[in-house]
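The lines below spell out each chain.
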There are 2 protein chains.
Amino acid sequence: MRVIGSSEENLLKRIIRKVLTLKKTGVTGGIGDDCAIFRQRGAAEDLLFTTDLLLEDVHFRRETHSAQDIGYKALARGLSDVAAMGGDPRFCLLSLAVPRWADRAWVDRFYNGFLRLARKVAIPLAGGDLARTDRLACDVTVCGAVPRGQSLLRSGARVGDAIYVSGLLGGSKLGLDCKKGRAWKRHLRPEPRLELGRFLRKKLRATAAMDLSDGLSLDLHRLCAASGVSAEILASQLFPGATFPGATLDQALHGGEDYELLFTVPAKTAVPGDFKNLPLTRIGTVTRGRAGRALLDGAPLAPLGFDHFRNTP
Amino acid sequence: MRVIGSSEENLLKRIIRKVLTLKKTGVTGGIGDDCAIFRQRGAAEDLLFTTDLLLEDVHFRRETHSAQDIGYKALARGLSDVAAMGGDPRFCLLSLAVPRWADRAWVDRFYNGFLRLARKVAIPLAGGDLARTDRLACDVTVCGAVPRGQSLLRSGARVGDAIYVSGLLGGSKLGLDCKKGRAWKRHLRPEPRLELGRFLRKKLRATAAMDLSDGLSLDLHRLCAASGVSAEILASQLFPGATFPGATLDQALHGGEDYELLFTVPAKTAVPGDFKNLPLTRIGTVTRGRAGRALLDGAPLAPLGFDHFRNTP
């Protein structure tokens, strides 16, 4: 789910003004975080909901992406949102507009990619919709669960907190640019950080978290905006230590689609150097200042990550 | 949610074979009914989930459909699925690929149509996704709730049950064909039968129900297939008594998009002639026979309603 940031933000603000009050409806969080949060009376867990579009010629091209890879990624994006909230995935729904160019074998391969990942994280495909159209469009809703009131939010970062990222950034954009090797695989098959998300919630007690879907510069801006704080990060921490081999600092900062986790913890928290071989790197500190402002080595960091309503060709 | 029927059915069967077992996941019903059913431990209610695509040039044309009408219908279809299960809607999610031809005012009007209906049924828009593309594509997920174990299913019809429809059928297709008057309004603004759905569940104790999204002939086939029974209906009951003024028997049988409810009750149940001025008409009887077979005045009724995978131009 991705609905805040610069020009998307403007559209969203207009929508939010019109949206019904969420009080008394069971929806305790919503538009603007990675998932909406729904609380059922009597239930020990809160439910998380996220929905993500995957569109031909916007999110992928059929010339370069295999059916399996597209199916995989359609689900991986929603799982990454659930991971960012510290949740366990429970089930998914898939709406698929099958393009006229896709034959039966293609559709089967798409479902194979999708369902193999569903099986890996042990969730059923509980329903969906089908239609025929010219270009593939799919929308995946993922439901997850967390113990009541314990979701990791974007809005919890506090002044003085340490800022971390998981994994190596920029690999997805490098892969998209070169279309080969490990970087291309990184682009095609991002791994939802579900186990790490639960670790952040249960063990590290992270104050805020989100997934890096649109690039660190834009997503850090969003986390800081939601938390009402600023951030200072250091290029020396990010590059080359937390950057994918071969990727540039630019790709790590603005590339997007890495689906790693960005999170904050109180300064005193002991964060291990890795979580099951996935590096956890401190890149900076939460500071007092204008909500959403980020500095890189002391200079303003423009939120140049991917925004559908600005990056339109 | 619409995923069973003739050629769609074949695609679906292939998917179902691949889908994980739903046991122990909390998903107690799923692909093939109007909504998936999810049960949370400790909760007094089951949750219903449905997701519906609305695509430009498939489900509507921008030349003839206003932005408000498209927004309205995007939500109405999911609400109709919740109504068919006897549920109360709780919240919705909206994924919207905004076409390049749509300016800010158009998008505002789309949201106005959507949110006015959300407000009317008292549910929040809890989240969603946004992207830019060439043609409008939207996907709406609606969550509803019913008391535990009391969802109205397609699969509950028993031999000897009486078959009913609500309202007047064929109006939506008539409207689509003539694009004027009350019939066109009927096409543009179908009313989700939420109150009727709850009445069927609580008071009439209907044995099976579904909404008429793809036309009586196809949907009756689906209900009978899910229940493992046949059906016999009478044209004299349907036409003109349960048919929209000016619509033909053909439009009433195969037209689709009426979003009325099709339901069955035990033969002895006293069904009123109307529910708050909405006619309830007995059109036939559930019979022993091949699962999914329907007879009209004794002759086989072909399931000619709308099927995306057969009706492709």
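Bear in mind that the values here come from a model prediction, so they are computed numbers and not experimental data. (Residues numbered from 1 in each chain as written. Chains lettered and ligands numbered in written order. Predicted model: local features only at pLDDT ≥ 70, side-chain atom pairs only at ≥ 80, totals over all residues.)

Colleague: Residue-level account of the sheet that holds strand β3 (residues 45-55) of chain A, with values.
Modeller: Residues and elements named next belong to chain A. Across the sheet, which stays open at both edges, the six strands sit in the order β1-β2-β3-β6-β4-β5 with mixed pairing between neighbours. This sheet does not close on itself; its edge strands, each paired only once, are β1 (27-29) and β5 (125-133). Sheet twist, expressed as the mean angle between neighbouring strand axes with direction ignored, is 20°. Relative to strand β2 (residues 36-39), β1 is paired through two bridges, and the arrangement is antiparallel. What sits directly across from Gly29, in β2, is Ile37. Across the sheet, helix α2 (residues 67-84) lies against β3, β4 (88-99) and β6 (137-147), angled at about 35° from β6, the strand it touches most. (Pairing = 2+ DSSP bridges. Helix = DSSP H or I, 4+ residues; strand = E, 2+ residues; numbered from the N terminus. Axes fitted to C-alpha atoms, helices over the stretch in contact; angles between N-to-C directions. Contact = placed C-beta atoms within 7 Å.)

Colleague: Requested: an account of the domain arrangement of chain A, with residues and values cited.
Modeller: Residues and elements named next belong to chain A. Under the domain assignment, chain A is made up of domain 1 (6-147) and domain 2 (154-300). Of note, the centres of domain 1 and domain 2, computed from C-alpha atoms alone, are 22 Å apart. In terms of residue count, the dominant contributor to the side of domain 1 that touches domain 2 is α2 (eleven residues). A class-by-class count of the residues in the side of domain 1 that touches domain 2 yields ten nonpolar, six polar and six charged. (Domains from an automatic or database assignment. Nonpolar A, V, L, I, M, F, W, Y, C, P; charged D, E, K, R; others polar.)

Colleague: Give me the lowdown on the sheet that holds strand β5 (residues 125-133) of chain B, citing residues and values where you can.
Modeller: Strands pair in a sheet through their backbones, by hydrogen bonds, and they do so in one of two ways: parallel or antiparallel. Residues and elements named next belong to chain B. Taken in spatial order, the six strands line up as β1-β2-β3-β6-β4-β5 in an open sheet, and their pairing is mixed. The outermost strands of the open sheet, each flanked by one partner alone, are β1 (27-29) and β5. Taking each pair of neighbouring strands and ignoring which way they run, the sheet shows an average axis angle of 20°. In this structure, strand β2 (residues 36-39) lies alongside strand β3 (residues 45-55), joined through four bridges in antiparallel fashion.

Colleague: Account for unusual backbone geometry, naming residues and giving values.
Modeller: In this structure, the amide linkage connecting Phe239(A) to the following residue, Pro240(A), adopts the cis form with an omega of 0°. A positive phi angle, close to 60°, is found at Glu257(B), a residue other than glycine.

Colleague: Explain the nonpolar core to me, using residue names and the numbers behind them.
Modeller: Within the largest apolar cluster, 192 residues are counted, with the highest numbers of intra-cluster contacts made by Cys92(A) and Cys92(B). Setting aside residues no more than four positions away along its own chain, Cys92(B) makes contact with Leu75(B), Gly78(B), Ala118(B), Ile123(B), Leu125(B), Ala126(B), Val140(B), Thr141(B) and Val142(B). (Core = buried A, V, L, I, M, F, W, Y, C linked by C-beta atoms within 7 Å. Buried ≥ 20, exposed ≤ 12 C-beta atoms within 10 Å, placed from the backbone.)

Colleague: Run through the pairing of strand β10 (residues 261-265) of chain B, naming residues and quoting values.
Modeller: Residue and element names in this part refer to chain B. Of all five residues that make up β10, five are buried, and the element is covered over most of its length. Here β10 shows two buried faces, one formed by Leu261, Phe263 and Val265 and the other by Leu262 and Thr264. Sheet analysis places strand β8 (residues 208-211) next to β10, joined by four bridges and oriented antiparallel. Directly across from Ala208, in β10, lies its bridge partner Thr264.

Colleague: Account for α2(A), with residues named and values stated.
Modeller: Residues and elements named next belong to chain A. Compared with an ideal rise of 1.5 Å per residue, which puts 18 residues at 26 Å, α2 spans 26 Å between its outermost C-alpha atoms and is within 8% of the ideal. The buried fraction of α2 is high, at 18 of 18 residues. Of the residues trailing α2, Gly86 is marked for its positive phi of about 80°. (Expected span 1.5 Å × (residues − 1).)

Colleague: Describe the environment of Leu94(A), and please don't skip the residues or the numbers.
Modeller: Residues and elements named next belong to chain A. Assignment of secondary structure puts Leu94 in strand β4. Residue class for Leu94 comes out buried when judged on the 29 C-beta atoms lying within 10 Å of it. On a C-alpha basis, the gap between Leu94 and Trp184 in space is 25 Å, while along the polypeptide they are 90 residues apart. Here Leu94 is in contact with Phe114, Leu125, Gly128, Cys138 and Val140, once residues within four sequence places are set aside.

Colleague: Now, about the confidence of the model for chain A: what can you tell me, with residues and values included?
Modeller: When pLDDT is averaged along chain A, the result is 91; 90% of the residues meet or exceed 70. Among the prediction metrics, the complex's ipTM stands at 0.92, with pTM recorded as 0.93. (pLDDT = per-residue confidence, 0-100.)

Colleague: How would you sum up helix α3 (residues 104-120) of chain A? Please name residues and give values.
Modeller: Residues and elements named next belong to chain A. If you check α3, its first and last C-alpha atoms are 24 Å apart, about what 17 residues at 1.5 Å a residue would give, namely 24 Å. For α3, every residue scored as buried is listed here: Val107, Phe110, Tyr111, Gly113, Phe114, Leu115, Leu117 and Ala118. One or two residues past the end of α3 sits Ala122, with phi positive at roughly 60°.

Colleague: So what's going on with the packing of helix α2 (residues 67-84) of chain B against helix α3 (residues 104-120) of chain B? Residues and values would help.
Modeller: Residue and element names in this part refer to chain B. Two elements in contact, α2 and α3, have axes separated by 7 Å at closest approach and are oriented at 40°. As the angle between them shows, α2 and α3 are arranged oblique. Considering only the axes of α2 and α3, their crossing is right-handed. On α3, the residues touching Ala67, Gln68, Asp69, Ile70, Gly71, Tyr72, Ala74, Leu75 and Ala76 of α2 are Trp106, Arg109, Phe110, Tyr111, Asn112, Gly113, Phe114, Leu117 and Ala118. Grouping the amino acids of the contact of α2 with α3 by side-chain chemistry returns twelve nonpolar, four polar and two charged. (Parallel < 35°, antiparallel > 145°, perpendicular 65-115°, else oblique. Left-handed = near helix turned anticlockwise from the far one by under 90°.)

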